[in-house]
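Chain and residue survey
These are the residues of each chain, in order.
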There are 2 protein chains.
Amino acid sequence: MAKQERAIRTRRAILEAAGAVFDEHGYMSTTIAMVLERAEVTKGALYFHFASKEALARAVLDEQVPFGAVPPQPCKLQEIVDMTFVVGQRLLYNSLLRGSVRLAVDQETPSGIDHGAPFRQWAQALTRLLELARDRGELLPTVKPSETVELLVGSFTGIQLMSRALTDRADLADRLAVMWAHILPSIAVPGLLPGLDARADRGARVLASLEERAAS
Amino acid sequence: MAKQERAIRTRRAILEAAGAVFDEHGYMSTTIAMVLERAEVTKGALYFHFASKEALARAVLDEQVPFGAVPPQPCKLQEIVDMTFVVGQRLLYNSLLRGSVRLAVDQETPSGIDHGAPFRQWAQALTRLLELARDRGELLPTVKPSETVELLVGSFTGIQLMSRALTDRADLADRLAVMWAHILPSIAVPGLLPGLDARADRGARVLASLEERAAS
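Every value quoted in this text rests on a predicted model; they were computed, and no experiment measured them.

Points about the interface of chain A and chain B
Contact with chain A, which involves 35 residues of that partner, is made by 35 residues of chain B. With both sides pooled, the region where chain A packs onto chain B buries about 3,100 Å², and carbon together with sulfur makes up 61% of that total. Across the salt bridge formed by arginine 175 of chain B and glutamate 150 of chain A, the nearest N and O atoms sit 2.7 Å from each other. At the boundary of chain A with chain B, the tally comes to 13 residue pairs in polar contact (both at pLDDT 80 or more). Among the elements of the structure, α6 (95-105), α7 (117-135), α8 (145-167) and α9 (172-187) of chain A are those that each provide at least two residues to the side of chain A that touches chain B. Looking at the side of chain A that touches chain B element by element, the count peaks at 15 residues for α8 of chain A. Tallied by class, residues from the side of chain A that touches chain B come to 16 nonpolar, 10 polar and 9 charged.

What follows is the structure in structure tokens.
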């Protein structure tokens with residue numbers, strides 16, 4: 001394994017360990033020692049990549065948007081729907097994503113760490129897509145993409161949080177389907193509605209197709 | 001002042017102090033001593049009302065729904081809209097409400113404390129109102145009140161959280177107006193829409209009318 005590739009893998013292992021520890025213990029109770037033990041790397045390796053616990057937290061916060069990766073769709077609104085379901089699905093088992101969400105959501109995350117960053121990053125990524133949807137004639141003329149996107153990011157945040165509090169996220173996909181059933185008719189041109197797939201099992205199906213593609 | 005009235009006032013002072021301390025420090029870092037100092041009551045008085053920090057947290061969590069009190073409206077959907085804007089407005093300055101929201105939202109709140117309680121209490125109160133709205137013919141026939149209510153509670157939670165993270169809740173009322181602009185057309189009969197008031201300053205206006213009424 002080339003030196004550079006090894007460094008990338010080590011960095012990733014540290015990030016994933018940090019995400020898991022932040023998810024379980026929150027920012028304040030997390031120590032570098034706990035991350036070292038989980039990642040099974042040396043202190044030197046960790047400090048080579050991350051100067052401090054703050055730097056680790058910032059890096060974990062910056063890892064959210066890649067979890068929204070989905071196959072491109074001819075209908076851009078469908079692609080946005082897919083991102084929400086896939087992130088919901090990945091929240092069930094990916095502890096780096098869960099740790100990142102906890103850091104963004106918990107009020108204990110110190111103000112020196114920009115826990116608003118993931119909100120802005122999601123908004124930016126989704127606004128680009130929703131503007132594309134608008135340019136293709138998918139949206140009602142009343143829609144302001146940036147406003148709708150801020151609503152989507154905020155609603156998603158609260159819905160996953162409520163789902164975690166009440167059912168340990170077991171009903172998250174159902175709740176997302178309800179969200180889309182209420183929001184799609186207010187943003188999509190009516191002719192698009194019957195063809196959009198925002199059923200609760202959408203995330204699982206998109207992920208299965210991604211895995212198939214990766215395996216072939 | 002009668003003995004009983006004094007006891008009620010002392011209990012309230014302790015709750016308000018606890019809310020403020022939980023809001024600033026979170027569950028784990030809060031101590032009974034911090035609450036005592038804030039409330040300016042004796043240890044004996046606090047333990048007379050609350051046996052432990054856990055009991056204090058539970059009582060603070062149970063205080064959310066009363067903050068949704070609004071004047072009754074002929075249109076029940078308007079009353080629900082009003083509750084969201086009034087709670088949003090009260091979040092700006094009421095530290096008991098803020099502390100209660102933080103306890104419900106932060107992942108660090110121990111699982112022994114039922115931090116899902118406020119979510120269920122809001123859902124219960126709002127479902128009753130939305131069923132009333134349905135019985136009065138205010139809703140589209142596709143609406144399932146309990147589903148819509150779960151969405152509203154989840155979305156509100158995330159929207160206030162995102163608003164806190166990005167603007168210290170300064171833009172919360174604007175975000176709530178965007179939420180309603182997206183959800184009302186999916187739930188209200190069309191003839192009701194022009195008469196519904198879900199503008200960003202709705203909360204401030206409802207609170208002003210409540211204060212006027214209290215003063216007269």
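From this point, the narrative continues.
Quick look at the relation of the copies chain A and chain B
Mapping chain A onto chain B calls for a screw motion: a turn of 180° about the axis and a shift of 0.0 Å along it, with 0.0 Å RMSD after fitting. Seen this way, the second copy is the image of the first under a two-fold rotation axis. A share of 100% of the interface residues of chain A reappears at the interface of chain B, consistent with the copies meeting face to face through the same patch.

Details of the nonpolar core
Burial of nonpolar side chains together is a common tendency in soluble globular proteins. Counting 138 residues, the largest nonpolar core has Leu77 and Trp180 of chain A together with Leu77 and Trp180 of chain B as its most contacted members. Filtering out sequence-adjacent residues up to four positions away, tryptophan 180 of chain A remains in contact with Ile80, Val81, Thr84, Phe85, Leu152, Pro185, Ile187 and Ala198 of chain A.

What about the side chain of serine 100 of chain A?
Examined against the element boundaries, serine 100 of chain A turns out to sit in helix α6. Beyond its immediate chain neighbours, meaning those up to four positions away, serine 100 of chain A contacts Val60, Leu61 and Gln64 of chain A.

A word on the environment of serine 163 of chain B
Residue and element names in this part refer to chain B. Along the chain, serine 163 turns up in helix α8 (residues 145-167). Take serine 163: its relative accessible area is 0%, and that puts it in the buried class. Counting along the chain gives 90 residues from serine 163 to glutamine 73, while the straight-line C-alpha distance between them is 28 Å. Among residues more than four places away in sequence, those in contact with serine 163 are Asp168, Arg169, Ala170, Asp171, Leu172 and Arg175.

Comments concerning the domain arrangement of chain A
All names here are of chain A. For chain A, the domain assignment lists domain 1 (3-61) and domain 2 (65-215). Each of domain 1 and domain 2 has a C-alpha centre, and the two are 27 Å apart. Between domain 1 and domain 2, the contact holds 17 residues from the first and 18 residues from the second. The contact between domain 1 and domain 2 buries some 1,400 Å² in all, and 65% of this surface belongs to carbon and sulfur atoms. The largest share of the area that domain 1 buries against domain 2 comes from Asp23, Tyr27 and Leu61, three residues that together contribute 46% of it. Linking domain 1 with domain 2 are 1 salt bridge, by the criterion used here. We note a salt bridge from arginine 98 to aspartate 23, for which the minimum N-O separation is 3.1 Å. Linking domain 1 to domain 2 there are 5 residue pairs in polar contact (both at pLDDT 80 or more). Looking at the side of domain 1 that touches domain 2, the elements that each hand over two or more residues are α1 (3-29) and α4 (53-61). With 12 residues, α1 is the single largest residue contributor to the side of domain 1 that touches domain 2. Along the lines of polarity and charge, the residues of the side of domain 1 that touches domain 2 split into 8 nonpolar, 3 polar and 6 charged.

Topic: the UniProt feature "DNA-binding region" (unreviewed entry) in chain A
When the UniProt feature table is mapped onto this chain numbering, "DNA-binding region" (unreviewed entry) sits at residues 31-50 of chain A. Helix makes up 75% of residues 31-50 of chain A and strand 0%, with an end-to-end C-alpha separation of 13 Å.

Points about the packing of helix α5 (residues 76-91) of chain B against helix α6 (residues 95-105) of chain B
Residues and elements named next belong to chain B. Put simply, α5 and α6 touch, their axes get as near as 8 Å, and they point 105° apart. By the angle class used here, α5 and α6 are roughly perpendicular. Together, Val87, Arg90 and Leu91 of α5 and Leu97, Arg98 and Val101 of α6 make up the contact between the two elements. Taken together, the residues that form the contact of α5 with α6 break down as 4 nonpolar, no polar and 2 charged.

What counts and what doesn't
- Residues numbered from 1 in each chain as written.
- Chains lettered and ligands numbered in written order.
- Predicted model: local features only at pLDDT ≥ 70, side-chain atom pairs only at ≥ 80, totals over all residues.
- Heavy atoms only, no water.
- Contact = heavy atoms within 4.5 Å.
- Buried area = accessible area lost by both parts, 1.4 Å probe.
- Salt bridge = Lys/Arg side-chain N within 4 Å of Asp/Glu carboxyl O.
- Polar contact = N/O pair within 3.5 Å; in protein donor to acceptor, adjacent residues only side chain to side chain.
- Helix = DSSP H or I, 4+ residues; strand = E, 2+ residues; numbered from the N terminus.
- Nonpolar A, V, L, I, M, F, W, Y, C, P; charged D, E, K, R; others polar.
- Least-squares fit on C-alpha atoms with pLDDT ≥ 70 in both.
- Core = buried A, V, L, I, M, F, W, Y, C linked by side-chain atoms within 4.5 Å.
- Buried < 20%, exposed > 50% of the residue type's maximum accessible area, 1.4 Å probe, protein only.
- Domains from an automatic or database assignment.
- UniProt positions renumbered as here; feature names shortened; annotations may be inferred.
- Axes fitted to C-alpha atoms, helices over the stretch in contact; angles between N-to-C directions.
- Parallel < 35°, antiparallel > 145°, perpendicular 65-115°, else oblique.

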